[in-house]
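Working through the structure, step by step
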Amino acid sequence: AQSVTQLDSHVSVSEGTPVLLRCNYSSSYSPSLFWYVQHPNKGLQLLLKYTSAATLVKGINGFEAEFKKSETSFHLTKPSAHMSDAAEYFCVVGLFEKLTFGTGTRLTIIP
Amino acid sequence: DTGVSQDPRHKITKRGQNVTFRCDPISEHNRLYWYRQTLGQGPEFLTYFQNEAQLEKSRLLSDRFSAERPKGSFSTLEIQRTEQGDSAMYLCASSFTGTGGQETQYFGPGTRLLVL
């Protein structure tokens, strides 16, 4: 069985400041981990994917995430927030065809 | 646009009516998935196909729901005798298995269903 916990349902940051979205996972096997972003009225877009290669994964739009097995965490970060980053972010654990989504973190950017 | 497409984007129906949604996956993707997303929640898996074969169905998929992928390309999801609890966003995703390892699923924009 696998599960995902997103520790914050809502995060607000000022434009130009760092972003941290927290995610913890549980999996019986070595999981693959993803972050997806969902903008209003748009489909889910893949930000980045971890599949047991490098523990620090770089994604699109300046986002990156670090896999920490000892902490069962996969937090998403960005050094400097942009207004266009405002969206819903989902941490996802995958085992081949099965994806399990977290409940999402809504990111608000303050001008 | 070569992404996953879904039709319609929005559907309003009355309780008890049947509705059908269509998904066109990325061409040459052999797997197709259906998810349901309710307000404030992440998507939940409903079912998936590999080519024409429906390989798994979630217990969320009641008898009123049926999905098909007759030629291994597009798929349809039908809900019979809709209930207000069926109101949700229905998402389709596709992926390609062939290189081994963890596949990546690419999502369509979704069909938002409102049952009155």
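Our structure is the block above this text.
Keep in mind it's a predicted model, so treat the numbers as computed, not measured. (Residues numbered from 1 in each chain as written. Chains lettered and ligands numbered in written order. Predicted model: local features only at pLDDT ≥ 70, side-chain atom pairs only at ≥ 80, totals over all residues. Heavy atoms only, no water.)

1. Points about the overall build of chain A
- The helix and strand tally for chain A stands at 0 helices and 12 strands.
- Written out in order from the N terminus, the α and β elements of chain A read β-β-β-β-β-β-β-β-β-β-β-β.
- In terms of overall dimensions, chain A is globule-like: its C-alpha atoms have a radius of gyration of 13 Å, near the 13 Å expected for 111 residues.
- The dimensions of chain A, computed from C-alpha atoms along their principal axes, are 40 × 25 × 20 Å.
- Across the 111 residues of chain A, 43% fall into the buried class.
- Considering only contacts within chain A whose residues lie at least 6 apart along the sequence, 55% involve residues at least 24 apart. (Helix = DSSP H or I, 4+ residues; strand = E, 2+ residues; numbered from the N terminus. Rg over C-alpha atoms; globule rule 2.2 N^0.38 Å. Buried < 20%, exposed > 50% of the residue type's maximum accessible area, 1.4 Å probe, protein only. Contact = heavy atoms within 4.5 Å.)

2. Structural notes on the packing of aromatic side chains
Residue and element names in this part refer to chain A.
- Tallied over the entire structure, the rule returns 17 aromatic pairs over all chains.
- Summarising the aromatic geometry, the rings of Tyr-50 and Phe-74 are spaced 6.2 Å apart at their centres and angled 50° between planes, so their arrangement reads as tilted. With Tyr-50 in strand 6 (residues 44-50) and Phe-74 in strand 9 (residues 73-78), this residue pair connects regions lying 24 residues apart in the sequence.
- Phe-74 gets classed as buried once you look at its relative accessible area, which sits at 0%. (Phe/Tyr/Trp six-rings, centres within 6.5 Å; stacked < 30°, edge-to-face > 60°.)

3. What to know about the environment of Gln50(B)
Residue and element names in this part refer to chain B.
- With respect to the helices, strands and loops of the structure, Gln-50 is situated in strand 5 (residues 44-50).
- For Gln-50, a relative accessible area of 24% gives the class partly exposed.
- Through-space distance from the C-alpha of Gln-50 to that of Ser-94 is 9.8 Å; in sequence the pair is 44 residues apart.
- Those residues within four positions of Gln-50 in sequence are excluded, and the remaining contacts are Asn-30, Arg-31, Leu-55, Arg-69 and Thr-97.

4. Some points on the pairing of strand 1 (residues 2-6) of chain A
Residues and elements named next belong to chain A.
- Residues Gln-2, Val-4 and Gln-6 point to one face of strand 1 and are all buried, whereas Ser-3 and Thr-5, pointing to the other face, are not buried.
- The pairing of strand 1 with strand 4 (residues 23-27) spans 5 bridges and is antiparallel. Across the sheet, residue Gln-2 finds its bridge partner in strand 4, namely Ser-27. (Pairing = 2+ DSSP bridges.)

5. Description of the state of the cysteines
- Applying the stated criterion across every chain yields a total of 2 disulfides over all chains.
- Between the sulfur of Cys23(A) and that of Cys91(A) lies a disulfide, 2.0 Å long from S to S. When the S-S torsion is -70°, as for the bridge of Cys23(A) with Cys91(A), the disulfide is left-handed. Here Cys23(A), found in strand 4, pairs with Cys91(A), found in strand 10 (residues 87-95); they are 68 residues apart in sequence, far enough to count as distant. The residues Cys23(A) and Cys91(A) share a single accessibility class, namely buried.
- The partner cysteine of Cys23(B) in its disulfide is Cys92(B), sulfur to sulfur 1.8 Å. Between Cys23(B) and Cys92(B) the disulfide shows an S-S torsion of about -70°. By sign, it is left-handed. Of the two residues, Cys23(B) sits in strand 3 (residues 19-24) while Cys92(B) sits in strand 9 (residues 88-95), which places them 69 residues apart along the sequence. The pair Cys23(B) / Cys92(B) is uniform in exposure class, with both members buried. (Disulfide = S-S within 2.5 Å.)

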